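Per-entry structural report
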Amino acid sequence: MGRAKSKKALKIPRGVQLRGETIRINFSRFGQRYFISLPELQPSQTDLDWAAGILAKVKRSIRSGTFKWNDHFPNHKLAKTELRSSENLTISELLTIYLEEYASHRKADMTLDNYRYYANRFIKPEFGHLTIPEFRVGHITQWVTRMGNKHISNTTLKSYLSPLRSAFRYAKSQNLVEYNPFIDFEWPEESRQTLQKKRARKKQKKLDVFTLEEISGLLAAAERPQETHIIQFGFWSGLRPEELFALHWEDIDFNRGIACISRAKVFRRGYTMIEETPEEREVLKEIKTGELGERDLILLPSALSALQRQQPYTHTYSPFVFHADYNNKPWRNTNQFRNRFQKLCVLAGVRYRRPYMMRHTYASMLLKEGENENFVARQLGHVDTQMLRKVYAEFIPDSGTDNGYQLRGDWQAIEELHAPALPAPSS
């Protein structure tokens, strides 16, 4: 009891904590809060004040940009790599410092997962053993050229190298390195085969919307009711597939005919999706960067009807609106849904297009029927009509005609003036 009273009588400075018989301090650096134990100090007022002095010095060095772990806490794990930074720090150690001390508290979970994957899969096996002074521009050029010979595009390779580029920028800002080799690096030209692959992929992504007859055929061919509902809703709501998978019943306002769209379900690299417990492994994030953010989607009659018919299947026991029929679990990712969508196209005799084309089909139908461009843009989640006009220009009718764009020139007269003389058709 005496000891408890003495502890209560102690005046503990801000940022200092007393954990049992151990004093520790806490401070924040690059968005990460650290709790450092000071085992050499005792739970006395004198040592508590001493700890406050240590904390003040740490905070001053952080503010001035001169903080070094080795100066304040030489036994800390980060101090060990910091000691080697000037001469012997390896690429692998640099990536570890960047990912653990900075990126893990600044980057989105998806980005961080990808960074870790690229670092472990590509960068560390190739460059991890090199020290900072040994790593030069030539190493990057040789690796990029070798990977390019395997017909991997520069765009993909930029993704693979992104954690190392970011790590060098961070290290330069912290005076861990004197030279950033990426400053002098220039991307080589891509091979003909790589360019052909890129053109083929671009062609596949070309706007190729479904017709109303094809939509009807797909819905008629669907033998599983929940697949019918998600496909009908997808065509008549314009949601991205990942927004479809993340839709919750609490997002739906049946009285007003509105759905609040605020999140997307994505597959995080590094997570193993377990079929029996997808809810425990799901990852929900905010909707696409650069868009409106949370938006109220006005539901068209067919979209509202699909939700009403889906209610008996999941409303009473699941937060998610749409489940896969074959296991009655929430849809996990786009690949899982694409497989079912592709089989359904075969059953319906409809030429396959990727599920994302449901969104493009929705937008094109609204525009062809003359709906206001600002309204359509907000339905899709765009901040303005710039993207709308860029992607769907062919579906935007001209206000001065009933069948599309109104020609400004008298092209018939121009063509007749320049038309070559052709022989008369034989009788």
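Residues numbered from 1 in each chain as written. Predicted model: local features only at pLDDT ≥ 70, side-chain atom pairs only at ≥ 80, totals over all residues. Heavy atoms only, no water.

A few points about the overall build of the chain
In plain terms, the rule: A helix here means a DSSP run of H or I that spans at least four residues, while a strand means a run of E at least two residues long, and both kinds are numbered starting from the N terminus. For every residue, the accessible area obtained with a 1.4 Å probe (protein chains only) is divided by the maximum for its type, and the residue is called buried under 20%, exposed over 50%, and partly exposed between those limits. In what follows, a contact means two residues having at least one pair of non-hydrogen atoms within 4.5 Å. All accessible-area figures derive from a Shrake-Rupley calculation using a 1.4 Å probe, and residue coverage is judged against the displayed protein chains alone.
Helix and strand counts for the chain come out as 19 helices and 10 strands. A total of 427 residues make up the chain; the buried ones form 43% of that total. The long-range share in the chain, meaning contacts at least 24 apart out of those at least 6 apart in sequence, stands at 62%. Of the roughly 24,700 Å² of accessible surface on the chain, 49% is carried by carbon and sulfur atoms.

A look at the pattern of salt bridges
Here is the rule we go by: We count a salt bridge whenever a side-chain nitrogen from Lys or Arg sits within 4 Å of a carboxyl oxygen from Asp or Glu.
This structure, assessed with the given rule, holds 12 salt bridges. The residue D208 makes a salt bridge to R351 at a minimum N-O spacing of 2.5 Å. Placement of the pair is D208 in the loop between α9 (192-204) and α10 (212-221) and R351 in the loop between α15 (334-348) and α16 (357-368), with a sequence separation of 143 residues. Owing to a relative accessible area of 26%, D208 belongs among the partly exposed residues under this scheme. You can call R351 partly exposed: its relative accessible area is 48%.

Observations regarding the nonpolar core
How we decide: Put simply, a nonpolar core is a bunch of buried Ala, Val, Leu, Ile, Met, Phe, Trp, Tyr and Cys residues held in one set by side-chain atoms that sit within 4.5 Å of each other.
In this structure, F233, F322 and F341 are the most contacted members of the largest nonpolar core, which totals 48 residues. Those elements that place two or more of their residues in this core are α10, α11 (225-237), α12 (241-246), β5 (258-261), α14 (301-314), α15, α16 and α17 (373-380). Excluding residues within four positions of it along the chain, F322 makes contact with H229, I230, F233, L244, L247, L307, Q310, P330 and W331. Formed by 35 residues, the second largest nonpolar core is a distinct cluster that contains I91, L94, F127 and A167.

A few points about the environment of E243
Note the threshold: Here a polar contact is recorded for every N or O atom pair within 3.5 Å, except that within protein the pair must consist of a potential hydrogen donor and a potential acceptor, and residues adjacent in sequence are included only if both atoms are side-chain atoms.
Along the chain, E243 falls in helix α12. Separated by 18 residues in the primary sequence, E243 and I261 place their C-alpha atoms 7.4 Å from one another. Among the polar contacts made by the side chain of E243, one reaches the side chain of R295 at a distance of 3.2 Å.

Describing a positive patch on the surface
Rules: Each patch is built from residues lacking any salt bridge and having more than 30% relative accessible area; the joining distance is 9 Å for like charges and 5 Å for nonpolar side chains (Val, Leu, Ile, Met, Phe, Trp, Tyr). A positive count includes Lys and Arg, and a negative count includes Asp and Glu. His and the chain ends are not counted in either. One atom stands in for each charge, and that atom is NZ of Lys, CZ of Arg, CG of Asp or CD of Glu.
Taken together, the side chains of R14, R33, K57, K59, R60 and R63 define a basic patch exposed on the protein surface. With respect to the helices, strands and loops of the structure, R14 is situated in the loop between α1 (2-9) and β1 (16-19).

With respect to unusual backbone geometry
Phi is mostly negative for residues that are not glycine, and the peptide bonds are mostly trans. Residue H151 is not a glycine yet carries a positive backbone phi of 65 degrees. With respect to the secondary-structure elements, H151 resides in the loop between α7 (137-148) and α8 (154-173). For H151, a relative accessible area of 29% corresponds to the partly exposed category. Despite not being glycine, N328 shows a phi value in the positive range, around 55 degrees. Among the secondary structure elements, N328 is positioned in the loop between β9 (323-324) and β10 (329-330).

A closer look at the sheet that holds β1
The test is simple: At least two DSSP bridges between two strands are needed for those strands to be called paired. Axis lines are fitted to C-alpha atoms, over the contacting stretch for helices. Their N-to-C directions set the angle, which ranges from 0 to 180 degrees.
One open sheet accounts for 3 strands, arranged β1-β2-β3; its pairing is antiparallel. The open sheet has two edge strands, β1 and β3 (32-38), and neither has a second partner. The average angle at which neighbouring strand axes cross in this sheet is 30 degrees, direction not considered. Bridging between strand β2 (residues 22-29) and β3 involves 7 bridges; their strand directions are antiparallel. In the sheet register, R24 faces β3, and the bridge partner there is S37.

Some points on the packing of aromatic side chains
Formally: Only Phe, Tyr and Trp rings take part, Trp by its six-membered ring, and two of them pair if their centres are within 6.5 Å. Stacked means planes under 30 degrees apart, edge-to-face means over 60, and tilted covers everything else.
Summed over the entire model, instances satisfying the criterion amount to 30 aromatic pairs. Ring geometry for F210 and F235: centres 5.3 Å apart, planes at 80 degrees, overall edge-to-face. With F210 in the loop between α9 and α10 and F235 in helix α11, this residue pair connects regions lying 25 residues apart in the sequence. The interplanar angle of 85 degrees and the centroid separation of 6.0 Å between the aromatic rings of F210 and F341 together place this pair among those described as edge-to-face.

Description of empty space enclosed by the protein
Defined as follows: Think of a 1 Å grid over the protein atoms and nothing else: a 1.4 Å probe that fits but is trapped marks a cavity, an open set flanked by protein within 12 Å on at least five of seven lines marks a pocket, and residues with an atom within 4 Å of a point count as lining. Grid points are joined across faces, edges and corners, and a volume is the space filled by probe spheres set on the points. Only Asp, Glu, Lys and Arg are considered charged in this grouping, and only Ala, Val, Leu, Ile, Met, Phe, Trp, Tyr, Cys and Pro are considered nonpolar; every other residue, Gly among them, is considered polar.
Counting across every chain of the model gives 2 cavities of 30 Å³ or more. The space that makes up the largest cavity amounts to roughly 40 Å³. E227, I230, I231, W331, F337, R340, F341 and L344 are the residues that line the largest cavity. Contributions of two or more residues to the lining of the largest cavity are made by α11 and α15. Considering each element in turn, the lining of the largest cavity owes the most residues, 4 residues, to α15. Across the lining of the largest cavity, the residue classes break down as 6 nonpolar, no polar and 2 charged. Of the pockets and cavities examined, the second largest cavity occupies roughly 30 Å³. Looking at the lining of the second largest cavity, the elements with two or more residues in it are α12 and β5. Partitioning the lining of the second largest cavity into residue classes produces 4 nonpolar, 1 polar and 3 charged.

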